[in-house]
Amino acid sequence: MEQYDLDIKDLGFGYNADSKVLQEIDLKVGGPQLISIIGPNGVGKSTFIYCLNKILTPSEGTVMIQGDDVNDISIKELSKKMGFVPHATSDVFPMTVMDTVLMGRHPHSGRKITNEDVMEAYEILKLLDIGEFAMRPFDQLSAGQHQKVVLARGLAQRPKILLLDEPTSNLDIKHQMDVTRILKDLSVKESMTVIMISHDLNIASRYSDRIIMMFDKGIYRMGTPKEVITEENIRHVYKVESKVVMDEGRPYVILRDPKFDPNQSTEGSVCEF
């Protein structure tokens with residue numbers, strides 16, 4: 001019987017019996033790849049990954065990580081297999097970048113940090129091209145550098161599966177591309193399954209191996225970017241019109257707004273520098 005890195009069966013979650021957020025989700029994932037989860041606000045994307053890493057307890061169904069039921073293993077053991085990078089971090093203390101990343105080594109080292117842990121953290125910082133910031137206070141970084149450090153902390157766990165909740169939401173275009181490209185490269189170099197929530201359809205399309213489109217309490221479509229990102233699916237799930245064109249073998253979404261004329265202008269307006 002084939003064993004998957006992540007095997008989800010009949011997953012459901014609700015805050016009470018009358019408010020189902022997720023229901024009847026089945027998913028099998030194996031092998032190094034970057035998977036993007038897309039869908040409108042409120043369809044349960046974050047709730048879904050929270051059910052995978054024990055932040056939330058599913059109302060029904062099972063989540064298996066490399067053959068182990070997550071309910072049967074401790075948080076520490078789960079952290080050795082699955083890393084998590086949250087949407088926003090609550091780090092407010094002036095810790096150094098190195099100390100922040102070393103927090104990710106706790107599942108392996110406990111309270112005692114070894115020289116090997118420090119070298120491991122530094123190698124990850126260099127991999128993300130932020131090794132020069134190792135001793136800089138974490139709270140003095142730019143948004144892009146900050147996000148890379150939080151990513152480094154998750155990678156320091158050396159997980160088989162890495163979950164990320166909107167890792168590029170507060171970044172400019174360049175840093176969005178940088179972070180997503182790094183995640184794609186790491187999935188191959190570190191032989192990891194990387195699963196990230198994204199609201200940018202074009203970033204997801206450009207870098208992902210597979211895309212999960214969520215809607216109506218579950219998975220609406222799943223497959224390659226070309227299979228999932230279509231005008232019909234976008235119309236049904238997002239309730240907007242679009243034109244999807246192919247660019248370098250990947251779908252690219254151009255949004256349409258029938259209520260707005262993009263060629264209208266206000267004559268006589270002045271903008272001076």
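Quick caveat, the model's predicted, so the values are computed rather than measured.

Student: Account for the overall build of the chain, naming residues and giving values.
Tutor: Along the backbone of the chain there are 10 helices and 12 strands. Computed over C-alpha atoms, the radius of gyration of the chain comes to 20 Å, within 12% of the 19 Å expected from 2.2 N^0.38 for 273 residues, which places it in the range of a compact globule. For the chain, the spread of C-alpha atoms along the principal axes amounts to about 65 × 55 × 35 Å. Residue burial in the chain is summarised as follows: out of 273 residues, 45% are buried. Within the chain, contacts between residues separated by at least 24 positions form 65% of all contacts whose residues are at least 6 apart in sequence.

Student: Lay out the packing of aromatic side chains in plain terms, naming residues and giving numbers.
Tutor: One pass over the full model with this rule turns up 3 aromatic pairs. Relative to Y15, the ring of F13 lies with its centre 4.8 Å away and its plane at 90 degrees, an arrangement referred to as edge-to-face. On the accessibility criterion, F13 (6% relative accessible area) is buried. With 6.0 Å between their ring centres and 85 degrees between their planes, Y50 and F84 make a pair best called edge-to-face. Of this pair, Y50 sits in helix α1 (residues 45-52) while F84 sits in strand β6 (residues 82-85); the two residues are 34 residues apart in sequence, bridging distant segments of the chain. The class for Y50 is partly exposed, based on a relative accessible area of 23%. With a relative accessible area of 22%, F84 lands in the partly exposed category. In this structure, R221 is placed above the aromatic ring of Y220, and the distance from its NZ or CZ to the ring centre is 4.2 Å.

Student: Explain unusual backbone geometry to me, using residue names and the numbers behind them.
Tutor: For S191, which is not glycine, the phi dihedral falls at a positive 55 degrees. With respect to the helices, strands and loops of the structure, S191 is situated in the loop between α7 (173-189) and β8 (193-197). With a relative accessible area of 31%, S191 lands in the partly exposed category. Of note, D216 is a non-glycine position whose phi angle comes to about 55 degrees, a positive value. Its place among the elements puts D216 in the loop between β9 (210-215) and β10 (218-223).

Student: Tell me about the nonpolar core, and name the residues and values.
Tutor: In this structure, L128, L151 and L183 are the most contacted members of the largest nonpolar core, which totals 33 residues. At 5 residues, helix α6 (residues 143-155) tops the list of elements feeding residues into this core. Grouped together as the second largest cluster of nonpolar side chains are 29 residues, L6, L27, M82 and I195 included.

Student: Tell me what's going on with the environment of G218, and back it up with residues and numbers.
Tutor: Turning to its location among the elements, G218 is positioned in strand β10. Given the relative accessible area of 7%, G218 is considered buried.

Student: If you had to explain the sheet that holds β8 to someone new, which residues and values would you point to?
Tutor: Taken together, 6 strands build an open sheet; the order of strands is β6-β7-β8-β3-β9-β10 and the sheet is mixed. Among the strands making up the open sheet, the edge pair consists of β6 and β10. On average, adjacent strands in this sheet sit at an angle of 20 degrees to one another, irrespective of strand direction. Note: β9 against β10, 5 bridges, orientation antiparallel. Bridged to I212 within β10 is M222.

Rules used in this analysis
- Residues numbered from 1 in each chain as written.
- Predicted model: local features only at pLDDT ≥ 70, side-chain atom pairs only at ≥ 80, totals over all residues.
- Heavy atoms only, no water.
- Helix = DSSP H or I, 4+ residues; strand = E, 2+ residues; numbered from the N terminus.
- Rg over C-alpha atoms; globule rule 2.2 N^0.38 Å.
- Buried < 20%, exposed > 50% of the residue type's maximum accessible area, 1.4 Å probe, protein only.
- Contact = heavy atoms within 4.5 Å.
- Phe/Tyr/Trp six-rings, centres within 6.5 Å; stacked < 30°, edge-to-face > 60°.
- Lys NZ or Arg CZ within 6 Å of the ring centre and 35° of its normal.
- Core = buried A, V, L, I, M, F, W, Y, C linked by side-chain atoms within 4.5 Å.
- Pairing = 2+ DSSP bridges.
- Axes fitted to C-alpha atoms, helices over the stretch in contact; angles between N-to-C directions.

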